[in-house]
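Residue-level structural notes
One letter stands for each residue in the lines below.
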Amino acid sequence: MNKPSERIIRWGIMGPGKIARKFARDLPEVPHTELYAVASRDQDRAEAFARECNAAKAYGSYEALARDSNVDAVYIATPHALHQKFSLLCLSHGKAVLCEKPLAMNAMQVEEMIAASKVHKVLLMEAMWTAFLPHFQAAMQKLREGALGEIKSIEADFGFHTPYNPVSRLFNKQLGGGSLLDIGIYPLFLALSVLGMPAEIDARATFFENGADSSCTMHLKYTNNAEARLYSTLLQETSTVAVIKGVEGVLTIHPRFHESSSFSIEKEGKTEQFNFINRGEGFVHEIEHFCNLLREGKAESPVMTFEISRQLIGLLDGVREKIGLQYE
Ligand SMILES: NC(=O)c1ccc[n+]([C@@H]2O[C@H](COP(=O)([O-])OP(=O)(O)OC[C@H]3O[C@@H](n4cnc5c(N)ncnc54)[C@H](OP(=O)(O)O)[C@@H]3O)[C@@H](O)[C@H]2O)c1
């Protein structure tokens, strides 16, 4: 018999798209896990994904996977607008939920998800994988140790270009499309991790013809006069670098900063570089953390806490208010 720390976690995946495929490739790197089931809106798509990724079960509906009593944990990788619906479905069936970012479309939905996790006493975590990557944890540790002295500013951008296609979930406003929720969330998460919640948010955006934001410029101001200048865009490639400046030095997280394997600190005329190795495609770290919490019977992560998810969605809501971006 397995020790409790070696209990096999049987996973289900909802939303067999691009990111789900990466997750499925990384899962075997995490000991004592199994990709057990996959669900799609379409039985053939579910079966094709199950064959490709060695899942035992393929369901042509999300509800059917939620009802399978063999599933311990579900990775929700649908478009943003469906995160809340499928998370609530899984939590109500007692399945632990690792839900892709953003956790939901707005703060009210996030509150309902947290409430459901508490009522059902089931683990819920936002899959903000950056929080678990070695470079990010080490950079945050350096800042906590005061490597830069007081932090005064952050600059971070995340941009890539894909031709506009209103049907694709990246642009489709009904599905939560646009740059802010998809990639703007990463510079916001960095600023939140380093400086906490701002006193003031200012933002501007450009829009596609369907009303989804094509780019978003964000300016966060803090009570100690620190500031964060952040940018997301689907219109062009950007350097995707993060530069954090303190009174005693500068920490640069190299591209792409949210999934990087290095950062450098420039201080007193010298530059020191720190290098890291991400396991698998980078998802191994968050999956391992999540599986351990599940084995320990926890309902909340001490790393990606409910409060951090609340603050993160609060920032996204705050920026949306400034740029006048409303979803149905
Ligand atoms: N952590 C990361 O690095 C990262 C990277 C990319 C994306 N993400 C997140 O992961 C989520 C999915 O992104 P993705 O790029 O993997 O998307 P994707 O390739 O479009 O896949 C989404 C999947 O959701 C399913 N789905 C269910 N209902 C749907 C609906 N009404 N419309 C469209 N699809 C629907 C689709 O499967 P069926 O039609 O077969 O049901 C589809 O395969 C997003 O929330 C995104 O923020 C995270």
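Anything mentioned here points back to the structure above.
First things first, this report covers the structure right here in the doc. (Residues numbered from 1 in each chain as written. Predicted model: local features only at pLDDT ≥ 70, side-chain atom pairs only at ≥ 80, totals over all residues. Heavy atoms only, no water.)

**Concerning the packing of helix α1 (residues 18-26) against helix α2 (residues 43-53)**
In plain terms, the rule: A fitted line through C-alpha atoms serves as each axis, taken over the contacting stretch for helices, and the angle formed by two N-to-C directions is quoted from 0 to 180°. Under the DSSP-based scheme used, a helix requires at least four consecutive residues in state H or I and a strand at least two consecutive residues in state E, with every element numbered from the N terminus. In what follows, roughly perpendicular refers to angles from 65 to 115 degrees, roughly parallel to angles under 35, roughly antiparallel to angles over 145, and oblique to any angle outside these ranges. The hand of a helix crossing depends on one turn: near helix anticlockwise from the far one by less than a right angle means left-handed, and clockwise means right-handed. Only heavy atoms enter the contact rule, under which two residues are in contact if any of them lie within 4.5 Å.
Closest axis-to-axis distance for the α1/α2 pair is 10 Å, and the angle between their directions is 30 degrees. When the axes of α1 and α2 are compared, the pair comes out roughly parallel. You can see that α1 and α2 cross each other, and the crossing is right-handed. Between α1 and α2, the contacting residues are Ala 20, Arg 21 and Ala 24 on the first element and Phe 49, Glu 52 and Cys 53 on the second.

**What about the environment of Leu 181?**
To keep things clear, this is the line we draw: Classification of residues uses two cut-offs on accessible area relative to the type maximum, computed with a 1.4 Å probe and protein chains only: under 20% is buried, over 50% is exposed, and between them is partly exposed.
For Leu 181, the position within the fold is in helix α7 (residues 179-195). With a relative accessible area of 0%, Leu 181 lands in the buried category. Counting along the chain gives 51 residues from Leu 181 to Ser 232, while the straight-line C-alpha distance between them is 9.5 Å. Residues within four places of Leu 181 in sequence aside, it is in contact with His 80, Lys 101, Pro 102, Met 105, Gly 176, Leu 316 and Tyr 327.

**Some details on the site of the ligand**
Our working rule: When we say a residue is near a molecule or strand, we mean one of its heavy atoms is within 4 Å of it. Under this definition, polar contacts are N or O atom pairs within 3.5 Å; protein pairs additionally need one hydrogen-donor-capable and one acceptor-capable atom, and for neighbouring residues in sequence, both atoms have to be side-chain atoms. Per-residue and other accessible areas were derived by the Shrake-Rupley procedure at a 1.4 Å probe size, with only the shown protein chains allowed to occlude residues. In this document the domain limits rely on a domain assignment from an automatic tool or a database.
Every one of the 23 residues lining the ligand counts as a neighbour, but Ser 40, Arg 41, Arg 45, Tyr 62 and Lys 101 are closest to it. For the ligand, an oxygen atom lies 3.4 Å from a polar atom in the side chain of Tyr 186. When isolated, the ligand has an accessible area of 900 Å², and the protein chains bury 84% of it. For the shell around the ligand, the elements supplying multiple residues, two or more each, are α1 and α7. Composition of the shell around the ligand by domain shows at least three residues from each of domain 1 (4-129) and domain 2 (134-277 + 312-323).

**Some points on the nonpolar core**
Our working definition: Grouping buried Ala, Val, Leu, Ile, Met, Phe, Trp, Tyr and Cys residues that are joined through side-chain atoms within 4.5 Å yields what is termed a nonpolar core.
Of all hydrophobic cores here, the largest spans 119 residues; its most connected members are Trp 11, Met 14, Leu 188 and Leu 190. Counting residues per element, this core draws most heavily on α7, which supplies twelve residues. Summarising the domain contributions, this core has at least three residues from each of domain 1 (4-129) and domain 2 (134-277 + 312-323). When near neighbours in sequence (up to four residues on either side) are disregarded, Leu 190 contacts Phe 136, Met 140, Ile 154, Ala 156, Ala 242, Ile 244, Ile 253 and Phe 257.

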